[in-house]
Each structure stands twice: as structure tokens, then as C-alpha cells.
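Now for the letters of each chain:
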Amino acid sequence: MGTMGGEEVAISNKQIVLKDYVNGFPKESDMELKVTKMHLKLPEGSNAVLVKNLYLSCDPYMRNRMSKPSSTAAYSESYKPASPIRGYGVARVLESGDPKFKKGDLVWGITGWEEYSLITFPEGLFKIEHTDVPLSYYTGILGMPGMTAYAGFHEVCSPKKGDCVFVSAASGAVGQLVGQFAKLMGCYVAGSAGSKEKVDLLKTKFGFDDAFNYKEEQDLNAALRRCFPEGIDIYFENVGGKMLDAVLLNMRTHGKIAMCGLISQYNLEQQEGVHNLFCLIMKRVRMEGFIAPDYYHLYPNYLEMVIPLIKEGKIAYVEDTAEGLENAPTALVSLFYGHNVGKQVVVVAHQ
């Protein structure tokens, strides 16, 4: 591991760093590849975990962390300019000061966008026990996005057979899973996406009953009425803005809305308002925001449910893979233009 004459030798560590805070849509040029030196050894007495990163996850919430810190409440801090970007990833343990992990263990959790990371908060790491599925799945279906879909649909929405379910950004990492969980429960499911290819994927691969390309719809309210002539029981919200406004008009009495994300608003300096909130009162609709970490105590239950579904081929999962750390900025930026099809993953190393 880089020793010479008994002394530890520093090795090079490629990193993706944020150059400065971002306004508007992020660009590849907002980030840069840097090469630093580091010793692959834990500081004496440290309870940190030293890892080699294998896969990195690109997620919409990361855009908020690229903005200048504000007084607005946030559930995750802004990145620091000139420091490596941080996000969910899969890694192999090289050395551990935490008794829960040992050399050779595979883990998923928050790590750095770099080849090697010193994780000083190992409490946020999950040991990977099931290795008979692709490791990259722990950036998605078996990681934070999977838990987001599971918690938002099953815990926040309390679905029942026969419910009419609408999912926006339905071909993304979370949406594709919500739709399939709903179908497995016997719900009617429709989704929106941003291209013909994605709409076809929803209907042919993920089993949605109906889907539409929101970019081709002049009237979102009419599109929703077409898909849901009797209204929507459950809306899994990933988009916000005009889509949320149209959905509010189409909710059924005592419907539920799980507020997962608002990707249409993340790059706007002046966010759009919502005009149809009175529908929440008229129809007694419950709208609830949530984040996956609040439900991580249910992760064992989730694995118990989803691993058999994966192995039996009862759930489909699509990844969009970028090879190499140097391609991570392009992969992240592509999320906000809808270029990715499925879960966006960056491969740093295969082993």
C-alpha cells in the first residue's frame, strides 16, 4: 500500500472539487479534477474509516448543496468551494478505526468524489451483506434512492390495493421504483417523463399503466385528466412547479402527496409559486415532506422485501453508467437536463 524502506509513501488521489458556489443550472466547468497526495493510513487512535471508492451516485439533492449557504433551513450543508464534492457511494474498506468495519468490507453511504476517502463519520455507513447482486445497486435500488421510494410510498402514503397513483420524473432512480412498488400492490399507476424513450420505458419495462411526455403536453391538467378520469389518490412528487399545480386540481378527496423532490425548481433563482393549494383544504388532501435518512431504521425491512423481488425478476431496474471519475461532473449535470435514463452512476473503480 505504498511503503518504501518502512516509511509510508503518499499516493496520488484524484478528486472532483467544486470551484465556487453555483447560480442557475450547474455546468461541468463549476467543478474540476484535482490530484492531491494522501497517506493510506489512519491517524493514530482515529475511529475513522479509510476507503477506496468504487461507485458514486449522482442525485438531484446535490444541486442544493452547490449553492451558497442561506438562512433557509436545509437538511444538508452546502459544499465548500475547493473541497471535494460529497455524496452517496459504494466503497471498499482499506483500514478501519471503527469496530463495526474491517479491512475488505464493502460499504455504502456518504463519501467523497475521489479515489480514496477518509470517512470521519462512519455512523453513516452501511455494511453491504448481499454481494450476489451488482454492487452499483447500492447507489440506487439498494441504497438511498431505494429507501426513498420505499419510505415515501409505503410509509408516507399508506397505499392500498386499487389506489390511483401518479409519479412525476417517473423514469428516474426513485420514480421507476415507486411505480413498480405500486403495481406490485395492485394499484393503477401513471407517470410523467421528459422524452418518448422514457415514456416507452415506463410502459414496457416498468409496467406503468399509462405515461406521458410532459414536454409535449400543452395542458398538464388535461393530460392528468386523460390518465386519471376519476382523480388521483396518491401523488409521488419529484418535480414541483406547474406539475404540482396541475396535480392539485386532480387529487381525490382524502388523497395523499409525498413530497420527495422539486427538481424543476432547483436551478431557478426565483422559484415558482404554487397557486392551487386551496385544493388541499377542499379535498382534505394530506401533503407531507420527507427525507430517506429519517427512515433508515427500516432498511433491514426494505432489504427483506426488495432482494427477493430483484432475484425473482419481479422488479426491473435501469442504470445510466458513466465510466471514470473524470466524467462525474458531466454525469451530475446531465440530471438537470434530463439526459440520463434511469439511475445515474459513476464508476470510479471496479474493485
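This one's a predicted model, so the numbers in the text were calculated from it and none came from an experiment. (Residues numbered from 1 in each chain as written. Predicted model: local features only at pLDDT ≥ 70, side-chain atom pairs only at ≥ 80, totals over all residues. Heavy atoms only, no water.)

**Let's talk about the packing of helix H2 (residues 144-156) against helix H3 (residues 175-184)**
The geometry of H2 relative to H3 is characterised by a closest axis approach of 9 Å and an angle of 45 degrees between their N-to-C directions. Between H2 and H3, the crossing angle belongs to the class labelled oblique. Read as a crossing pair, H2 and H3 show a hand that is right-handed. On H3, the residues that touch Pro145, Gly146, Ala149, Tyr150, Phe153 and His154 of H2 are Leu177, Val178, Phe181 and Ala182. Here the contact of H2 with H3 is composed, by residue class, of 8 nonpolar, 2 polar and no charged. (Axes fitted to C-alpha atoms, helices over the stretch in contact; angles between N-to-C directions. Helix = DSSP H or I, 4+ residues; strand = E, 2+ residues; numbered from the N terminus. Parallel < 35°, antiparallel > 145°, perpendicular 65-115°, else oblique. Left-handed = near helix turned anticlockwise from the far one by under 90°. Contact = heavy atoms within 4.5 Å. Nonpolar A, V, L, I, M, F, W, Y, C, P; charged D, E, K, R; others polar.)

**Observations regarding H2**
Because each turn of an α-helix spans 3.6 residues, side chains separated by three or four positions end up pointing in the same direction. The buried count for H2 comes to 11 of 13 residues, which makes it a mostly enclosed element. When H2 is considered as a whole, its buried residues turn out to be Met144, Pro145, Gly146, Met147, Thr148, Ala149, Tyr150, Ala151, Gly152, Phe153 and Val156. Immediately downstream of H2, the backbone of Ser158 shows phi near 45 degrees, a positive value. (Buried < 20%, exposed > 50% of the residue type's maximum accessible area, 1.4 Å probe, protein only.)

**Examining the pattern of salt bridges**
Inspection of the entire model under this criterion finds 14 salt bridges. Across the salt bridge formed by Asp200 and Lys196, the nearest N and O atoms sit 2.8 Å from each other. Here Asp200 pairs with Lys196, and both are found in helix H4 (residues 196-204), just 4 residues apart, close to one helical turn. On the basis of relative accessible area, Asp200 is assigned to the partly exposed category, the value being 32%. With its nearest N and O atoms 3.1 Å apart, the salt bridge here joins Glu272 to Lys242. With Glu272 in the loop between strand E14 (251-259) and helix H7 (278-282) and Lys242 in helix H6 (residues 241-250), the pair connects residues that are 30 residues apart, well separated along the chain. Taken together, the shared-partner salt bridges in this structure form one network comprising Lys102, Asp105 and Lys127. (Salt bridge = Lys/Arg side-chain N within 4 Å of Asp/Glu carboxyl O.)

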